[in-house]
Amino acid sequence: MASVSNSLSFKHGLSLWCPQSPSLHRIRHSSARNFQRRGFVVAYSSFANENREFVIVGGGNAAGYAARTFVEHGMADGRLCIVSKEAYAPYERPALTKGYLFPLDKKPARLPGFHTCVGSGGERQTPEWYKEKGIEMIYQDPVTSIDIEKQTLTTNSGKLLKYGSLIVATGCTASRFPDKIGGNLPGVHYIRDVADADALISSLEKAKKVVVVGGGYIGMEVAAAAVGWKLDTTIIFPENHLLQRLFTPSLAQRYEQLYQLNGVKFVKGASIKNLEAGSDGRVAAVKLEDGSTIDADTIVIGIGAKPTASPFERVGLNSSVGGIQVDGQFRTSMPGIFAIGDVAAFPLKMYDRIARVEHVDHARRSAQHCVKALLSAQTHTYDYLPYFYSRVFEYEGSPRKVWWQFFGDNVGETIEIGNFDPKIATFWIDSGKLKGVLVESGSPEEFQLLPTLARSQPFVDKAKLQQASSVEEALEIARAALPVEAAV
């Protein structure tokens, strides 16, 4: 999506990887569907008593929404097994760097409050829900190997699981600093699961100086949370401004000024040499390549994530974007094996390229699409519209809450409308077409308009848009440019 590298990488598991490609190379499955349907029948008669006709590996957002879709089709009870490395039933992971990190006196989010599928307005799927639906849950026992020919999985504890159809939903793991530069010192944190967030909260309770490494989503969200704890907070990143792969310099400056008003300091364009320990063995400072040091008793590393494809490499990986290659139905090259969510490299139909998206919206939608394709006659290709958002400073007593949404593709030239008090909008226009739009502090109706604009890509009058006196007027100009059948 970015105009130079054609890849858009976001943090908190929120990223879109899109290598430049003149055409979309879809996996061909001339006989795969028939094979899968035969396997489906055999699996039921062979494995029904073992409750493993369908196995989902991974216990994150995608697994929770896939489970709901199995239930909706009447195919979960006694048939579905979910194998997770976590101790909890699937939950809405974005909460971990948002409401979960609120100060303890400001009503922080806690389980079971954000189990899937509450993030999309659905039912809260607690551990009891899975029991009631007849879904076998295996906790804290990740899959370590697969025998594709025998259709078996082996877990860390040595458990052997047979499957009829397999859905890989292993997500991503946080990119870490090497141990040799202090990446695993006490007081250094990475956030991917509840245990990580709990450990960070324990540090925040005692912290005085927090350093966040990374200027993406996790950096912005964790720094905003640290402000709520009234802690000395610094963000360090190598780029020239916040969220460089999406924000324009002008837009980033607005957000940076807001953070600075809240006491956050920025060290931009910086490279880290190592993290230093104090006499007690805990992290005590960040040493930069220029020789300077920044004191810190708590450090949060938010420098990206890597798809967790192991031990499924034989299924087929994508060397450009990472992850497991799938087609528009989330089928891998191995019949009967699917991949969804962050780990799946799939055809991004509307932009004619292969992408891997780390975002909760894609996790939900890919899970639903995959399961429907597996269980029904659905044959249409997944048609995803890139969507990203963030909410910060939402805790009780915050003087200003920030919530922006972006839809589409950030290519072409930009037009910025509004004064950030509180609204601002950025429009990306390429060859006269509106390709993407970001709005801060929009109304529900305005946010609802954004995906329609991004998917329709209407031709807009650039000069007229530039002359708009407000975000509301600019959005109305864009709305008026929509074709009749797309107007909302």
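We now turn to the structure provided with this report.

## Details of the packing of aromatic side chains
One pass over the structure, following the stated rule, counts 21 aromatic pairs. Between Phe346 and Tyr382, the aromatic rings sit 5.4 Å apart at their centres with planes inclined by 70°, giving edge-to-face as the arrangement. Taken as a pair, Phe346 in strand 21 (residues 344-348) and Tyr382 in the loop between helix 7 (360-375) and strand 23 (387-392) lie far apart in primary sequence, 36 residues in all. Each member of the pair, Phe346 as well as Tyr382, is classed as buried.

## Describing helix 5 (residues 217-228)
Helix length check: helix 5, at 12 residues, gives a terminal C-alpha distance of 17 Å against a target of 16 Å (1.5 Å per residue), a fit within 8%. The buried count for helix 5 comes to 12 of 12 residues, which makes it a mostly enclosed element. Looking at helix 5, one finds that the buried residues are Tyr217, Ile218, Gly219, Met220, Glu221, Val222, Ala223, Ala224, Ala225, Ala226, Val227 and Gly228. Close packing links the buried residues of helix 5 with strand 11 (209-213), strand 12 (232-237), helix 6 (249-261), strand 17 (298-301), strand 23 and strand 24 (402-408). Note on helix 5: the residue one or two positions beyond its end, Lys230, has a positive phi of about 60°.

## Focus on the pairing of strand 17
What you see with strand 17 is no split at all: Thr298 and Val300 on one side and Ile299 and Ile301 on the other are buried throughout. Judged from the two bridges that link them, strand 10 (residues 188-189) and strand 17 form a sheet pairing that is parallel. For Val188, the partnering residue across the bridge sits in strand 17 and is Ile299. Here strand 11 runs beside strand 17; their pairing, made up of four bridges, is parallel. Bridge pairing links Val211 to Ile299 in strand 17.

## Regarding the sheet that holds strand 14 (residues 272-277)
Here we have three strands laid out as an open sheet, ordered 14-15-16, and antiparallel in their pairing. Both outer strands of the open sheet, strand 14 and strand 16 (293-295), are each paired with one neighbouring strand and no more. Strand after strand, the sheet turns through a mean of 25° between neighbouring axes, direction not considered. By the bridge criterion, three bridges tie strand 15 (residues 283-288) to strand 16 in an arrangement that is antiparallel. Its bridge partner lying in strand 16, Val286 is registered against Ile294.

## Quick notes on the nonpolar core
Phe70, Leu153, Leu166, Phe312 and Phe427 are the most contacted members of the largest nonpolar core, which has 85 residues in total. Top element by residues in this core is helix 7. It accounts for seven residues. With 51 residues, the next largest nonpolar core counts Phe102, Leu204, Trp229 and Trp404 among its residues.

## Notes on the side chain of Thr116
Secondary-structure assignment places Thr116 in the loop between strand 3 (80-83) and helix 3 (127-132). Ignoring anything within four residues of it in the chain, the contact list for Thr116 reads Asn61, Gly64, Tyr65, Pro90, Tyr91, Glu92, Glu123, Arg124, Gln125 and Tyr130.

## Details of the packing of helix 2 (residues 61-72) against helix 7
Geometrically, a packed helix pair is captured by the angle between its two axes and the distance between the axes. Across the interface, helix 2 lies against helix 7 with an axial gap of 8 Å and an inter-helix angle of 35°. Along this stretch, helix 2 crosses helix 7, giving a crossing that reads as right-handed. Side by side, helix 2 and helix 7 meet where Asn61, Ala62, Tyr65, Ala66, Arg68, Thr69 and Phe70 of the first sit next to Val360, Ala363, Arg364, Ala367, Gln368, Val371, Lys372, Leu374 and Leu375 of the second. Considered class by class, the residues forming the contact of helix 2 with helix 7 number 10 nonpolar, three polar and three charged.

Parameters at a glance
- Residues numbered from 1 in each chain as written.
- Predicted model: local features only at pLDDT ≥ 70, side-chain atom pairs only at ≥ 80, totals over all residues.
- Heavy atoms only, no water.
- Phe/Tyr/Trp six-rings, centres within 6.5 Å; stacked < 30°, edge-to-face > 60°.
- Helix = DSSP H or I, 4+ residues; strand = E, 2+ residues; numbered from the N terminus.
- Buried < 20%, exposed > 50% of the residue type's maximum accessible area, 1.4 Å probe, protein only.
- Expected span 1.5 Å × (residues − 1).
- Contact = heavy atoms within 4.5 Å.
- Pairing = 2+ DSSP bridges.
- Axes fitted to C-alpha atoms, helices over the stretch in contact; angles between N-to-C directions.
- Core = buried A, V, L, I, M, F, W, Y, C linked by side-chain atoms within 4.5 Å.
- Left-handed = near helix turned anticlockwise from the far one by under 90°.
- Nonpolar A, V, L, I, M, F, W, Y, C, P; charged D, E, K, R; others polar.

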